[in-house]
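Structure assessment
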Amino acid sequence: MALDLAHVRSQFPALADGFAYFDNAGGSLVLKPVAERISDYLLTTSVQTGASYSHSQRATARVQEARAAIARYMNAQRPEEIVLGASATMMMRTLAQAMAGQFQPGDEVILTNFDHETNIGPWLTLEARGVVFKFWEINQETATVDLADLDALMSENTKLVCVTHVSNILGTINPIRAIADRVHAGGAKLVVDGVAYAPHRAVDVQALDADYYVFSFYKTYGPHFAVLYGRYDLLRELDNLYHYFYDKDKVPAKLEPGNTNYELAWGSAGIVDYFDELGGGTGDHAAIARAFEDVAAHEAVIGERLLAYLRGKNGVRIIGERGSDKATRVPTISFKADGIDSAAIVRKVDAAQIGIRFGDFHSRRLVESLGLSPMGGVVRVSMVHYNTLEEVDRVIAALDEAMA
């Protein structure tokens, strides 16, 4: 199957204004059915769940249905493995707080210097418990990571490894299953930030063997909302963050203090419906996977168009892989132009009714380690499946003028 771009673009009303959206790694456009579901929930079902009257029962069923759909989307084993909340950053902080009681002085946590701060900062709060931190660092020359470096960091005291699935600067897909195998062989647990991966590929937590996996719906065509997946047995072990009478088995409610946002949960399930339809409408994870195969193929084509231009441009350094192999990168493309402030490039492109961005994108440790902070950080052009070759050509023309 080939991606039906006309159908895809019809599902995103914001595209009708002619603006070219290439800041998708910062936040994607929202699907029309997602917005419609949110509106419908608020206008017809906005009551508290858990009561015996009919409207409350309907609201309860909708939230349960949404959780089950999101579980299917991620190929979780059961809906109770899905924790819903405000953002990926808050989900990581929730997880770090709920896991804190499991750490003793001298326990080791491996973090990276190539992650978004979302998967670094929350874990550093464990320092107060005597946790020792080690950093898995990126190769400064090649902007790649080496699994042998992770092996060297692991020890009998390693309790947790936290890593990103895709860098929101490099666009590189990290080998999460291979990392998970190493981490579990060492007796540790794995936390994965999937924010920059989930818009581009199907998330299969069972195949990845991740213990915890987090991503944001507002970067996957939905509202400002997020999900934390955790293996059920591990979620049961986490500390209760809700009222004292919520016991350990009250999963996931004990990790959703004040209740989750019902209308955003119901709306986010519209993302699942959309990709299920793209994948043939069979109502299972296989349909999601098929849809993302078509997404990946299309994104490789549009990514290659921009990468080919950048490879041929004198004085431009692509940050990350220079090729468009869909197995190893997504079309989140960052670059640095010699002697030109990245902010100046982006502001010139703004005038062409094209949205791109400059900076470090909260991956400051990575940008600093690669020496890219001066002169506005990097320029990032981040594409998703609703972008077209014609739009990429507009970006190229605008960049060519801005860097002339």
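No experiment lies behind these values; they were computed from the predicted model shown. The residue count restarts for each chain, going from 1 along the sequence in the order it is written. This being a predicted model, a pLDDT of at least 70 is required before a residue's local features are given, and a value of 80 or more before pairs of side-chain atoms are given or counted; all residues contribute to the totals for chains, interfaces and linings. The side-chain numbers reported here are obtained from all heavy atoms of the structure, hydrogens and water having been left aside.

A separate point is the overall build of the chain. By definition, any uninterrupted DSSP run of H or I lasting at least four residues is a helix, any uninterrupted run of E lasting at least two residues is a strand, and each is numbered from the N terminus. Across its full length, the chain carries 14 helices and 13 strands. Overall, the C-alpha framework of the chain stretches about 65 × 50 × 35 Å when taken along its three principal axes. In the chain, which comprises 404 residues, the proportion classed as buried is 56%. Taking the intrachain contacts of the chain between residues at least 6 apart in sequence as the baseline, contacts between residues at least 24 apart amount to 68%. Here the chain displays about 15,900 Å² of accessible surface, and carbon together with sulfur accounts for 50% of that area. Counting rule applied: Lys, Arg positive; Asp, Glu negative; His and chain ends not counted. Throughout, a charge is located at the NZ atom of Lys, the CZ atom of Arg, the CG atom of Asp or the CD atom of Glu. The average position of the 38 basic charges and that of the 51 acidic charges among the side chains of the chain differ by 2 Å. For the exposure calls, accessible area comes from a 1.4 Å probe over protein chains only, and a residue counts as buried if that area is under 20% of its type's maximum, exposed if over 50%, partly exposed in between. Note on contacts: a residue pair qualifies if any of its non-hydrogen atoms lie within 4.5 Å across the two residues. For every accessible area listed, the method is Shrake-Rupley and the probe measures 1.4 Å; residues are considered covered only by the protein chains on display.

Of all 5 residues in strand 7 (residues 212–216), 5 are buried, a share of seventy percent or more. Here strand 7 shows two buried faces, one formed by Tyr 212, Val 214 and Ser 216 and the other by Tyr 213 and Phe 215. Only when DSSP finds a minimum of two bridges between them are two strands counted as paired. Sheet topology note: the strand 6 (residues 189–193)/strand 7 ladder contains 3 bridges and is parallel. Looking at the pairing, Val 192 lines up with Tyr 213 of strand 7. One ladder, built from 5 bridges, connects strand 7 with strand 8 (residues 226–230); its direction is antiparallel. Of the residues in strand 8, the one forming a bridge with Tyr 212 is Gly 230.

Nonpolar core, defined: a set of buried Ala, Val, Leu, Ile, Met, Phe, Trp, Tyr and Cys residues in which side-chain atoms within 4.5 Å join the residues together. Core analysis: the biggest nonpolar cluster contains 113 residues, and Met 74, Trp 123, Tyr 213, Phe 215 and Phe 275 have the highest contact counts within it. Tallying contributions element by element places helix 10 (residues 262–278) first for this core, with 10 residues. For the domains described, the bounds stem from an automatic or database domain assignment. When residues of this core are sorted by domain, at least three fall in each of domain 1 (5–31 + 284–403) and domain 2 (34–277). Once residues lying within four places of it in the same chain are set aside, the contact partners of Met 74 are Ile 82, Val 203, Asp 204, Val 205, Tyr 213, Phe 215, Val 227, Tyr 229 and His 285. Counting 27 residues, the second largest nonpolar core, distinct from the first, contains Phe 22, Ile 345, Val 349 and Val 381.

Here the focus is the UniProt feature "domain: Aminotransferase class V" (unreviewed entry) in the chain. According to UniProt, the "domain: Aminotransferase class V" (unreviewed entry) feature falls on residues 21–395. In residues 21–395, helix accounts for 38% and strand for 15%; the two terminal C-alpha atoms are 10 Å from one another. UniProt positions are given in the numbering used here, feature names are shortened, and annotations may be inferred rather than shown by experiment.

For the rest of this paragraph, the subject is helix 3 (residues 54–74). Every helix has an expected span of 1.5 Å times one less than the residues it contains. Over its 21 residues, helix 3 extends 31 Å from the first C-alpha to the last, a length consistent with the 30 Å expected when each residue adds 1.5 Å. Directly beyond the C-terminal end of helix 3, a positive phi value near 60° is found at Asn 75.

Between its first and last C-alpha atoms helix 4 (residues 88–99) spans 16 Å; for 12 residues at 1.5 Å apiece the expected length is 16 Å, and the two agree. Within the sequence span of helix 4, burial applies to Ala 88, Met 91, Met 92, Thr 94, Leu 95, Ala 96, Ala 98 and Met 99. Residues of helix 4 that are buried make contact with strand 2 (82–85), helix 5 (121–124), strand 5 (158–164), strand 6, strand 7 and strand 8.

Moving on, we come to the side chain of Arg 329. Within the fold, Arg 329 resides in the loop between strand 9 (316–319) and strand 10 (332–337). A pair is scored as a salt bridge if a Lys or Arg side-chain nitrogen falls within 4 Å of a carboxyl oxygen belonging to Asp or Glu. The buried charged residue Arg 329 lacks any salt bridge, with Glu 321 as its nearest oppositely charged partner at 5.3 Å. Distance and chemistry together define a polar contact, namely a pair of N or O atoms within 3.5 Å, with one atom able to donate a hydrogen and the other to accept it when in protein, and with adjacent residues in sequence counting only for side-chain atoms on both sides. Among the polar contacts listed, one links the side chain of Arg 329 to the backbone oxygen of Glu 321, at a separation of 2.7 Å. At 3.1 Å, the side chain of Arg 329 forms a polar contact with the backbone oxygen of Thr 332.

Our focus in this paragraph is the sheet that holds strand 4 (residues 132–136). Spatially, 2-8-7-6-5-3-4 is the arrangement adopted by the 7 strands of the open sheet, whose pairing is mixed. Each edge of the sheet is formed by a strand with only one pairing partner; in this case those strands are strand 2 and strand 4. Adjacent strand axes in the sheet meet at a mean angle of 20°, parallel and antiparallel pairs treated alike. The convention used is that axes are lines fitted to C-alpha atoms, helices contributing only their stretch in contact, and that angles between N-to-C directions extend from 0 to 180 degrees. In the packing of helix 3 onto the sheet, contacts are made with strand 2, strand 7 and strand 8, and the angle to strand 2 comes to roughly 115°.

With that out of the way, let us pick up the pairing of strand 3 (residues 108–112). In terms of burial, strand 3 is a largely internal element, 5 of the 5 residues being buried. By the alternation rule, side chains of strand 3 split into Glu 108, Ile 110 and Thr 112 and Val 109 and Leu 111, which are all buried. Across 5 bridges, strand 3 lies against strand 4 in parallel orientation. Bridged to Leu 111 within strand 4 is Phe 135.

Here the focus is the domain arrangement of the chain. Per the domain assignment, the segments making up the chain are domain 1 (5–31 + 284–403) and domain 2 (34–277). Put simply, the middle of domain 1 and the middle of domain 2, counted by C-alpha atoms, are 25 Å apart. In this complex, domain 1 contributes 48 residues to the contact, which on the side of domain 2 involves 46 residues. What counts as buried area is the accessible surface, traced by a 1.4 Å probe, that two parts surrender upon association, with contributions from both included. On the domain 1 side of the contact with domain 2, Leu 31, Phe 292 and Arg 365 bury the most area, a combined 20% of that side's loss. At the surface where domain 1 touches domain 2, the tally comes to 2 salt bridges. At the junction of domain 1 and domain 2, the tally comes to 25 residue pairs in polar contact (both at pLDDT 80 or more). Looking at the side of domain 1 that touches domain 2 element by element, the count peaks at 9 residues for helix 11 (residues 285–311).

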